[in-house]
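One-letter residues, chain by chain:
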Amino acid sequence: MGTDVFNKVEKINSELFTLTYGALVTQLIKDYEDIEQVNIKLEQMGYNIGIRLIEEFLAKSNIGRCADFMETAEVIAKVGFKMFLGVTATVIDQDPDKREFHLILDDNPLIDFVELPEQYKHKLYYSNILCGVIRGALEMVQMKVKCTFMKCTLSDETSSDIKVVLEEVLSDMIPVGYD
Ligand code: MYR
């Protein structure tokens, strides 16, 4: 029974989280009529979260420096997503130069119960906050990346796909957790 109550509380927390995020996106759509501005705002909010969240990530995960960007990809997909969203992602399409990969979201709690009205499909990147979180977190460990939502199941596409491209390795900063 104890476990049962715990599971119910967990489920309610996760539903509250999903609904709160939905309310945030809805409010942004009201505030900015232009959907592209909503995408930008969500990404910026995520960035501000990401630059803070990396410290908690490094402290809790005890993960050291990754050997290369592809290892970073796996760490984000399997450890980062699990820690903050309770799900994992799959890394695909790593390029031979090891500067680019795609994350396929196996499951995305942000979009539970969400249905996009037709006029927003292929325009609104509802979970774009995740792109910002990844960009902010990686910037704090010296990797400047560009992160783009390529596909979204809410727009009837086959998967939710985030592309991450390494643009620059910032070397003159002491990364968080390594000082
Ligand atoms: C390194 O310094 O090479 C290790 C880098 C690990 C970065 C991991 C970033 C975690 C980002 C979590 C994203 C969660 C999205 C919900």
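Cut-off values and rules
- Residues numbered from 1 in each chain as written.
- Predicted model: local features only at pLDDT ≥ 70, side-chain atom pairs only at ≥ 80, totals over all residues.
- Heavy atoms only, no water.
- UniProt positions renumbered as here; feature names shortened; annotations may be inferred.
- Helix = DSSP H or I, 4+ residues; strand = E, 2+ residues; numbered from the N terminus.
- Buried < 20%, exposed > 50% of the residue type's maximum accessible area, 1.4 Å probe, protein only.
- Polar contact = N/O pair within 3.5 Å; in protein donor to acceptor, adjacent residues only side chain to side chain.
- Contact = heavy atoms within 4.5 Å.
- Core = buried A, V, L, I, M, F, W, Y, C linked by side-chain atoms within 4.5 Å.

Taking an unreviewed UniProt entry as the reference, the protein is identified by name as Trafficking protein particle complex subunit belonging to Tieghemostelium lacteum. Its UniProt record gives the protein a comment under Subunit (unreviewed entry), which states: "Homodimer."

Caption draft 1: Main features of the side chain of His-102. Position of His-102 among the secondary structure elements: in strand β2 (residues 100-105). What makes His-102 buried here is its relative accessible area of 10%. Polar contacts involving the side chain of His-102 include one to the side chain of Asp-161, which spans 2.8 Å. In this view, His-102 contacts Thr-90, Val-91, Ile-92, Asp-93, Met-150, Asp-161, Ile-162 and Lys-163; residues no more than four positions away in its chain are not counted.

Caption draft 2: Broad picture of the nonpolar core. Residues Phe-69, Phe-81, Phe-101, Leu-103, Leu-124 and Ile-162 are the most contacted members of the largest nonpolar core, which totals 49 residues. Elements with a minimum of two residues in this core: α1 (2-31), α2 (35-61), α3 (69-85), β1 (89-92), β2, α4 (129-139), β3 (143-151) and β4 (161-169). Among the elements that line this core, the one with the most residues is α3, at eight residues. Residues contacting Phe-101, with those up to four places away along its chain left out, are Phe-69, Met-70, Ala-73, Ile-76, Val-91, Ile-92, Asp-93, Gln-94, Ile-162, Lys-163 and Val-164.

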